[in-house]
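Structural characterization, general
Here's the letter readout for the chains.
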Amino acid sequence: MPMLVYLGICAVLAFLSAGAAALRGVPPAPTFHIAFAVGAMPLVFGAIIHFVPVLTRSAGAGAVVRNLPLAVQSAGIVVVLGLAGSLPAWSLHAAATVTAGAALALAAWIVGRLRTTLGQPHPGARWYVAALAALLVAVGLVPFWLARPELRGALRLVHLHLNTLGFIGLAALGTLPVLLPTALGGQGRGDTTAGMRLARDLPLAVAGVALAAVGTVTEWPLAAAGAVLLAAVVLRHLGAWQDAYGSGPIVRDGAAAPLAAAALGFALLLAHGVAHGTGSAAARPAIAAFAAGFLLPLVSGALTQLLPVWRHPGADSPQRRDMRRFLASGGTLRAVLFLGAGVLLAFDRNAGFALLAVALGTFAGALLRAFAHRA
């Protein structure tokens with residue numbers, strides 16, 4: 001099985017496992033790390049490794065780089081076991097070291113590609129370096145809070161924001177302006193301003209992540225300013241897509257709809273964060289809302305577009321088109337369900353879990369049908 005296909009399947013299985021763990025009363029920390037560290041993070045590493053050669057017009061990665069997602073996934077499994085008490089505390093140090101090493105290696109590889117590319121590389125590749133830098137700082141905090149328990153609460157919040165808004169958020173915002181137009185093919189007039197937006201908005205997004213992470217443990221106006229900067233980036237993407245394609249083609253496409261829903265969900269979660277800072281909303285449901293309203297539509301939309309390419313590489317083929325058709329079936333409904341689940345969970349409404357289960361279950365079913373189909 002190709003590595004990227006394996007990572008995509010593992011991500012879906014990790015999300016399902018995290019849901020089962022939550023139902024069984026497993027504490028939030030190991031549950032979230034099942035979804036994030038075992039499922040999403042290795043998949044994001046794999047997607048970055050897939051996109052960088054495209055964005056820099058260079059050859060594919062070598063074996064060492066291609067296997068970095070496996071190192072990250074192994075570290076994620078250790079983190080889950082360590083947080084659950086099945087491994088000693090020092091195992092978290094080891095996992096953080098492995099993840100930091102993988103992030104450094106991948107960032108160095110991207111920088112090397114940026115320096116050697118012919119002409120100007122696509123600005124989206126630099127978003128991946130920023131995302132990996134956020135991850136590096138996030139995992140670098142782990143030894144400090146393990147050594148200084150009195151700082152655990154504050155450093156854990158910074159770690160959480162750098163992982164979610166920083167690593168996942170920056171990687172997603174750097175990819176969506178490339179992936180969504182690809183999903184829509186030749187429809188509309190095309191997003192001709194994507195490269196310019198990505199080049200201009202990266203400093204704003206990095207500043208937004210830094211302010212949100214620091215502000216969450218210092219002064220909430222800093223966090224609110226960070227949320228506003230990130231929201232401005234997201235809303236510019238949404239506005240450009242509306243101008244380039246119109247809402248109809250986006251809504252009707254089973255890959256584009258969840259990708260656009262993920263962007264909208266990200267903006268709504270940023271608004272929820274500001275509301276929490278003013279005391280108008282609770283923080284406790286934020287992680288579940290992040291997973292439902294942003295992470296899951298992002299992953300399901302991306303896999304709908306990318307899994308057929310990874311499973312059937314090379315030129316376009318009937319097998320690839322059939323697989324995409326199966327995965328895209330019900331994509332618009334899933335987008336609505338994921339977004340609705342995110343909103344409900346942000347306001348601590350348990351009905352959101354039911355919508356989330358239906359959406360994730362239907363995507364798992366689409367995966368099974370896509371892999372079972374024989375053209």
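Before going into details, it helps to say that this report is about the structure given with it. (Residues numbered from 1 in each chain as written. Predicted model: local features only at pLDDT ≥ 70, side-chain atom pairs only at ≥ 80, totals over all residues. Heavy atoms only, no water.)

**Notes on the overall build of the protein chain**
Inclusion rule: Under the DSSP-based scheme used, a helix requires at least four consecutive residues in state H or I and a strand at least two consecutive residues in state E, with every element numbered from the N terminus. Only C-alpha atoms enter the radius of gyration; for comparison, a globular chain is expected to reach 2.2 Å times N to the power 0.38, where N is the number of residues. Burial classes follow relative accessibility: with a 1.4 Å probe on protein chains only, a residue under 20% of its type's maximum area counts as buried, one over 50% as exposed, and anything between as partly exposed. Note on contacts: a residue pair qualifies if any of its non-hydrogen atoms lie within 4.5 Å across the two residues. In this tally, Lys and Arg are treated as positive and Asp and Glu as negative; His is ignored, and so are the chain termini. For the purpose of locating charges, the reference atoms are NZ of Lys, CZ of Arg, CG of Asp and CD of Glu.
Tallying secondary structure elements over the protein chain gives 16 helices and zero strands in all. Since a compact globule built from 375 residues should have a radius of gyration of about 21 Å, the 19 Å found for the protein chain is in line with a globular shape. With respect to the three principal axes, the spread of C-alpha positions in the protein chain is 55 × 45 × 40 Å. In the protein chain, which comprises 375 residues, the proportion classed as buried is 53%. The contacts of the protein chain with a sequence gap of at least 6 include a subset with a gap of at least 24, amounting to 74%. Taken as two groups, the 24 positive and 9 negative side-chain charges of the protein chain have centres that lie 8 Å from each other.

**Observations regarding the environment of alanine 21**
By the secondary structure assignment, alanine 21 is in helix α1 (residues 3-23). Separated by 336 residues in the primary sequence, alanine 21 and alanine 357 place their C-alpha atoms 13 Å from one another. Filtering out sequence-adjacent residues up to four positions away, alanine 21 remains in contact with Val26, Thr31 and Ile34.

**Brief notes about the packing of α1 against helix α13 (residues 286-311)**
Where we set the bar: Every axis in this analysis is a line fitted to C-alpha atoms, fitted for helices over the stretch in contact. Angles between the N-to-C directions lie between 0 and 180 degrees. Convention used here: angles under 35 degrees read as roughly parallel, angles over 145 as roughly antiparallel, angles from 65 to 115 as roughly perpendicular, and any remaining angle as oblique. By convention the crossing between two helices is left-handed if the near helix lies anticlockwise of the far one by an angle smaller than a right angle, and right-handed if it lies clockwise. Here the nonpolar group is Ala, Val, Leu, Ile, Met, Phe, Trp, Tyr, Cys and Pro; Asp, Glu, Lys and Arg are the charged ones; every other residue, Gly included, is treated as polar.
Running from N to C, α1 and α13 point in directions that differ by 150°, and their axes come no closer than 10 Å. Relative to α13, α1 is oriented roughly antiparallel. Taken as a pair, α1 and α13 cross one another with a handedness that is left-handed. Residues Leu4, Val5, Gly8, Val12 and Phe15 of α1 touch α13, and the partners they reach there are Leu295, Leu296, Val299, Leu303, Leu307, Trp310 and Arg311. Here the residues of the contact of α1 with α13 sort into 10 nonpolar, one polar and one charged.

**What to know about the nonpolar core**
The tendency in soluble globular proteins is for nonpolar side chains to be buried side by side. Note the threshold: Residues grouped as a nonpolar core are buried Ala, Val, Leu, Ile, Met, Phe, Trp, Tyr and Cys residues, joined through side-chain atoms within 4.5 Å.
Phe15, Phe45, Leu106, Ile110, Phe167, Ile168 and Phe294 are the most contacted members of the largest nonpolar core, which has 122 residues in total. Ignoring anything within four residues of it in the chain, the contact list for phenylalanine 15 reads Ala35, Ala40, Leu295, Leu296, Val299 and Leu360.

**Remarks on the environment of histidine 373**
Mapping histidine 373 onto the fold places it in the segment after α16 (351-372). You can call histidine 373 partly exposed: its relative accessible area is 29%. Once residues within four sequence positions are removed from consideration, histidine 373 is found in contact with Asp322 and Phe326.

**Brief notes about a nonpolar patch on the surface**
Formally: Patches here: salt-bridge-free residues with over 30% relative accessible area, like charges joined within 9 Å, nonpolar side chains (Val, Leu, Ile, Met, Phe, Trp, Tyr) joined within 5 Å. For the accessible areas, the method is Shrake-Rupley and the probe is 1.4 Å, while residue cover comes only from the protein chains on display. Salt bridges are identified by distance alone: a Lys or Arg side-chain nitrogen within 4 Å of an Asp or Glu carboxyl oxygen.
Taken together, the side chains of Leu264, Leu268, Val343 and Phe347 define a hydrophobic patch exposed on the protein surface, amounting to about 340 Å² of accessible area. Summarising the element assignment, leucine 264 is placed in helix α12 (residues 256-277). Given a relative accessible area of 35%, leucine 264 falls into the partly exposed group.

**Looking at the packing of aromatic side chains**
Stated formally: Geometry of aromatic contacts follows a simple scheme: Phe, Tyr and Trp rings, the Trp one being its six-membered ring, pair when their centres are within 6.5 Å, and the pair is stacked under 30 degrees between planes, edge-to-face over 60, tilted otherwise.
By the definition in use, this model includes five aromatic pairs. Considering the side-chain rings of phenylalanine 36 and phenylalanine 167, the 6.5 Å spacing of their centres and the 80° angle between planes classify their relative orientation as edge-to-face. With phenylalanine 36 in helix α2 (residues 28-56) and phenylalanine 167 in helix α8 (residues 152-184), this pair connects stretches of sequence that are 131 residues apart. Just as phenylalanine 36 is buried, phenylalanine 167 falls in that class too.

**Some remarks on the pattern of salt bridges**
Applying the stated criterion across every chain yields a total of six salt bridges. For the salt bridge of aspartate 201 with arginine 200, the shortest nitrogen-to-oxygen distance reads 3.3 Å. Assessed through its relative accessible area of 43%, arginine 200 is described here as partly exposed. Taken together, the shared-partner salt bridges in this structure form one network comprising Arg200, Asp201 and Arg236.

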